[in-house]
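Here is what each chain is made of, one letter per residue.
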Amino acid sequence: MTPMQSKIAAGGRCLRSCGLVLALLLAAALAWPAPARADPFAAIAATNFDAVADGVRALAVSGNPRAAAVIAALRDGRLYAWRWPRPDAPLFIRTDSGFADARTGAKVSAPPPLNLRRVIVNDSVRAAIETAEGALDLFSPQPAARRRAAEALYQSAAPGALPLIERALAKERDAGVARVLREAKAATLLKSGSGDIPARLAAVAELAARADLSARSLLASLQGQPPTVASAISAAIATIDRRLELWGLLENVYYGISLGAVLLLAASGLAITFGVMGVINMAHGEMVMVGAYTTFVVQQLIAAFAPALTELGLLFAIPAAFVVAGLLGMAIERTLIRFLYGRPLETLLATWGLSLILQQAVRSIFGPTNQNVTSPDWMSGAVSLGGLTLTVNRLWIIAFAILVLAALMAVLRWGGLGRNIRAVMQNRRMAAAMGIRTPWIDALTFGLGSGIAGIAGVALSQIDNVSPNLGQNYIIDSFLVVVVGGVGNLWGTLFGAMLLGVVDKFVEPFEGAVLAKIIVLVFLILFIQRRPGGMFPLKGRAAEA
Amino acid sequence: MRADRLTIATLACVLGGAALLAALNLLTPAGSAVHVPSFVISLVGKYLCYAILAVAIDLVWGYAGILTLGHAAFFALGGYAMGMYLMREIGARGVYANPVLPDFMVFIGWNKLPWYWYGFDHFWFALAMVALVPGVLAWVFGWFAFRSRVSGVYLSIITQALTYALMLAFFRNDMGFGGNNGMTDFKDIAGFPLNRETTSVGLMLITAAVLATAFVLARAAMRTRFGKVLVAIRDAEARTRFLGYRPEAYKLAVWVASAVIAGIGGALYVPQVGIINPSEFAPGNSIEAVIWVAVGGRATLAGAILGAVLVNLGKTWFTSALPELWLFAIGLLFILVTVFLPRGIIGLVAGRGAAALPEHEPAAANSAAREATG
């Protein structure tokens, strides 16, 4: 085929048959043993598009270290060839400072411009470049890059890539990458409709083993297969559906634990103020909100005075939120709640009023709109684990919630303050007789619970809108967690939070988020019916309170 | 006898005041100095509906000691039942002119009336539902809650969760209750056009009459043996139980009655304000309603009415004059009333003994028990 004939042919048929032509050419090109082949650089320097495309592909799989640079230059229109045929077929890459030899990368003195022509591309060459760039990574020394390239080939399933994949597969030593390559091969084979029945069956089996949503949709999209293959496909789809269901189940568990961690954070402070002290603090959600706003203020301060510490802003926000919310809580205890001990219903109403005041105060100071709290880099991104995608910030929150709960337990169990708190709660008069200043301990206990709520606010600022209404969204759930878990028992709080979170997320996919809430509520009422003991740790007449 | 005077004074205020306003609206010319404009009539009608809700809350909180934080749910359910009737009553006059389906259903592409909308084209059916729906919900909820002896703040939190769940549910479009926008654009009620002045006066007078009836019946019921047992349960549930009474049955009875009263209040509310939407279920509304009762005085019924009207007058004034400060004002009201005015205004005015609310005794007993058992 002379260049001229080929050009005429390409002009007429290219759009219709370029895929087939390319595939044939490529197959032909790759079938030739590499040493006997013409120099791919010379092919790229040729004047017909098919030869260029062929050259691009050949170069891509040649393993030549210059391949990436030359193909990128061709893509960007920076590749130049000699205007007239020359046996050595020189190629130049135009750089910012002049020209470089495409073969060696060495800087060359500028050739006379009249002797140069830019190597132009058409659609088929462009397609070849795209495949080649994917394929280049297939031969990269880094397994991760090879894996990415194989994954891209799998996703595109471009028919022309089949020989490339086979070649890469033959070379591949990494089992993980080889698996992806086999999957890419299977996808490409099935998509192109080529291959005999055993090959297709093997490809279907390969995709069934991959068992993700993309494999399922690819299999579902296949039409007009022979009956044996078609039945294998439907069986494979059923297998994948079962696998996906299993992963979905695990995903729900993860989401449930993640929601449970959020609930746990919000409820830990309440487990102190409500669980240990018996104070119904409806302004607890506002303590969380204050913590979130403290995070915002700390971030603003850091951005203004120490921009270098931006990434660590959250670490400063945690103690700041604890102190701010804790001091606020102590002030509330001293000025309001201590007058209402023993009157839980009145406490509820008064603290509700307080929550309205705090909300409006924050709204007046910061405005009613959401404040933008940024997440540091180390909290963004996602990790994939099998069929699961776990977002990093949720993982941090789960870890943080457990950490906070553990710290709280440690303080109550071993700390001096914790000992005093337990003494006062177990027997106030005896504790007072031992010299413990019980009113002061009350204030500190309430401050501790409020401070924990403030810390929860730091975490929630990462996943929720920082607005004056932030706390309201959590107050009902937090109370439910503490009530389900059993009042005055931090393990119970952990249990309650995880139970509520997991149940909520399990019902959600079937019934929607709203009905899930309602079902959880009904479940709770039934739970309380079955386990009233979990509700009332107090005995005797105090249970009436 | 002082209590009787209070009853008579309350009835006189409610019925007399309503009649006076109605007369001033209908019988005086629009330009006259004593003329009462229609918006005041519907505003007063709204306050009276709130007062009905307050009476319902006072029954359970004041007398039975059940602090409900979800009574607005029953109010709103009654309102929705009435709203459904009013929607059907629009008929083919809606934007889409569908004789059967309300506009919002046509809008979301439904072509068949859901089964739970059947019957709401009849006024009597809607009236029955106004009482039945809140009543049945209250019965089911109360049966579970009281039987398992959920009480005190736990019950409060669960009632709050109940209204919260209902709010979320009614926000959903697929529930078939208009979703976010609720129901509005009502045309007429039982043949009377809602935009006519006489209709709103009539509704206001009916509301006043219903309020007076609810007040008198509640007052009478609380003077019977039933009422006395309720107060005994409030003050010492265990002792009452040991005396052979079944507190859960008494609580359930007053709880259901209270829910029905609240539902009727809601049903009267909807035609007067012209809209019902899921925000009526917001937990904040229920708690605000509790503070009306606290402001007026618990366990007085008259105080509930007084508190509802006073607080809402204040709200109307604040939200138009100083909207920023309303939450501060209501928040402070919550705190000041609970700390300094536990008996409310009626308690303050009537002095000791009138409200018969032994505030100190259970408080002392509770704290003693708390000290004893930790």
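Since this is a predicted model, take the numbers as computed values, not measurements.

Broken down by element type, chain B carries 15 helices and four strands. A separation threshold of at least 6 residues defines the contact pool for chain B, and within that pool the share at least 24 residues apart is 76%. Element-wise, carbon and sulfur atoms account for 68% of the exposed surface of chain B, whose accessible area totals about 15500 Å².

A word on helix α4 (residues 67-76) of chain A. Of the residues making up α4(A), those classed as buried are A:Ala67, A:Val70, A:Ile71, A:Ala72, A:Ala73 and A:Leu74. Note on α4(A): the residue one or two positions beyond its end, A:Gly77, has a positive phi of about 70°.

We now examine the pattern of salt bridges. Close approach of charged atoms lets side chains of opposite charge pair. Residues and elements named next belong to chain A. By the definition in use, this model includes 19 salt bridges over all chains. Residue Arg 179 pairs with Glu 183 through a salt bridge whose shortest N-O separation is 3.0 Å. Of this pair, Arg 179 and Glu 183 are both found in helix α8 (residues 175-192), four residues apart, which corresponds to roughly one turn of the helix. Arg 179 gets classed as partly exposed once you look at its relative accessible area, which sits at 35%. Of the residues examined, Glu 183 reaches a relative accessible area of 2% and is grouped as buried. In this structure, Glu 206 engages Arg 182 in a salt bridge whose closest nitrogen and oxygen atoms are separated by 3.7 Å. Separated by 24 residues along the polypeptide, Glu 206 in helix α9 (residues 197-210) and Arg 182 in helix α8 bring together distant segments of the chain.

Next up on the list: the pairing of strand β7 (residues 388-391) of chain A. All names here are of chain A. Where burial is concerned, the two faces of β7 differ: the one with Leu 388 and Leu 390 is buried and the one with Thr 389 and Thr 391 is not. As defined by bridge partners, strand β6 (residues 382-385) adjoins β7 across four bridges and the pair is classed as antiparallel. Residue pairing across strands places Leu 385 opposite Leu 388, the latter belonging to β7.

This part is about empty space enclosed by the protein. This structure, assessed with the given rule, holds two cavities of 30 Å³ or more. If you add up the space inside the largest cavity, you get close to 70 Å³. With three residues, the top contributor of residues to the lining of the largest cavity is helix α3 (residues 71-90) of chain B. Split into classes, the residues belonging to the lining of the largest cavity amount to six nonpolar, three polar and two charged. Surrounding the second largest cavity, A:Glu346, B:Trp61, B:Ala294, B:Arg298, B:Val337, B:Thr338, B:Leu341 and B:Pro342 form its lining. In terms of residue class, the lining of the second largest cavity is made up of five nonpolar, one polar and two charged.

We now examine the environment of B:Leu6. Residues and elements named next belong to chain B. Here Leu 6 shows up in helix α1 (residues 2-27). It is 9.2 Å that separates the C-alpha atoms of Leu 6 and Thr 300, two residues lying 294 residues apart in sequence. Contacts of Leu 6, omitting those with residues within four sequence positions, involve Ala 302 and Ile 346.

Residues and elements named next belong to chain A. Pairing analysis gives three bridges linking strand β1 (residues 79-82) to strand β2 (residues 91-94), with the strands arranged antiparallel. Bridging from a neighbouring strand, Leu 79 pairs with Ile 93 of β2. The pairing of β1 with strand β5 (residues 116-118) spans three bridges and is classified as antiparallel. Bridge assignment links Trp 82 to a residue of β5, and that residue is Leu 116.

Ranked by internal contacts, the top residues of the largest apolar core, which has 207 residues, are A:Phe274, B:Trp61, B:Trp117, B:Met183, B:Phe281 and B:Trp292. Sequence-distant contacts of B:Trp117, that is, excluding residues within four places in its chain, are made with B:Met84, B:Met87, B:Arg88, B:Pro102, B:Phe104, B:Met105, B:Gly176, B:Phe177 and B:Met183. Core analysis: the next-biggest nonpolar cluster, separate from the first, contains 34 residues, A:Leu138, A:Leu164, A:Leu181 and A:Ala211 among them.

This model, assessed by the stated rule, comprises 32 aromatic pairs over all chains. Each ring, one from A:Tyr254 and one from A:Tyr255, has its centre 6.0 Å from the other, and the planes form 45°; the classification is tilted. For A:Tyr254, a relative accessible area of 10% corresponds to the buried category. Aromatic side chains B:Trp139 and B:Trp143 sit 6.3 Å apart centroid to centroid with 20° between the ring planes, which places their arrangement in the stacked category. Taken together, the positions of B:Trp139 and B:Trp143, both in helix α5 (residues 123-147) and four residues apart, correspond to about one turn of that helix. Following the ring pairs from residue to residue traces out a cluster consisting of B:Tyr80, B:Phe104, B:Trp115, B:Tyr116, B:Trp117, B:Phe170, B:Phe177 and B:Phe281. Looking at B:Arg298, its charged tip hangs above the ring of B:Trp61, at a distance of 4.4 Å from the centre.

Turning our eyes to something else, we now look at the confidence of the model for chain A. Residue and element names in this part refer to chain A. With 87% of its residues at a pLDDT of at least 70, chain A reaches an overall mean of 80. Mean pLDDT across the elements of chain A ranges from a minimum in helix α1 (residues 3-31), with 48, to a maximum in helix α13 (residues 313-335), with 93. For residues 28-37, every residue scores under 50 in pLDDT, and the model assigns this stretch nine contacts once sequence neighbours within four places are set aside.

All right, on to α5(B) then. Residue and element names in this part refer to chain B. With 25 residues, α5 ought to run about 36 Å at 1.5 Å a step, and its terminal C-alpha atoms sit 35 Å apart, in line with that. If you look at α5, its biggest bend is around 30°, right at Met 129. Those residues of α5 lying buried are Phe 125, Ala 126, Met 129, Val 130, Pro 134, Gly 135, Ala 138, Phe 141, Gly 142, Ala 145 and Phe 146. Two residues or fewer past α5, Arg 149 is found with a positive phi of approximately 55°.

Our next topic: the sheet that holds β5(A). The sheet built from five strands is open, its strands ordered β4-β3-β2-β1-β5 (chain A) with antiparallel pairing. The open sheet has two edge strands with one neighbour each: β4 (107-108) and β5 of chain A.

Procedures and definitions
- Residues numbered from 1 in each chain as written.
- Chains lettered and ligands numbered in written order.
- Predicted model: local features only at pLDDT ≥ 70, side-chain atom pairs only at ≥ 80, totals over all residues.
- Heavy atoms only, no water.
- Helix = DSSP H or I, 4+ residues; strand = E, 2+ residues; numbered from the N terminus.
- Contact = heavy atoms within 4.5 Å.
- Areas by Shrake-Rupley, 256 points an atom, 1.4 Å probe, with all protein chains shown as cover.
- Buried < 20%, exposed > 50% of the residue type's maximum accessible area, 1.4 Å probe, protein only.
- Salt bridge = Lys/Arg side-chain N within 4 Å of Asp/Glu carboxyl O.
- Pairing = 2+ DSSP bridges.
- 1 Å grid on protein atoms, 1.4 Å probe; cavity = no way out; pocket = protein on both sides within 12 Å on 5 of 7 lines; lining within 4 Å.
- Points joined across faces, edges and corners; volume = space filled by probe spheres on them.
- Nonpolar A, V, L, I, M, F, W, Y, C, P; charged D, E, K, R; others polar.
- Core = buried A, V, L, I, M, F, W, Y, C linked by side-chain atoms within 4.5 Å.
- Phe/Tyr/Trp six-rings, centres within 6.5 Å; stacked < 30°, edge-to-face > 60°.
- Lys NZ or Arg CZ within 6 Å of the ring centre and 35° of its normal.
- pLDDT = per-residue confidence, 0-100.
- Expected span 1.5 Å × (residues − 1).
- Bend = angle between axes of the 7 residues up to and from the residue.

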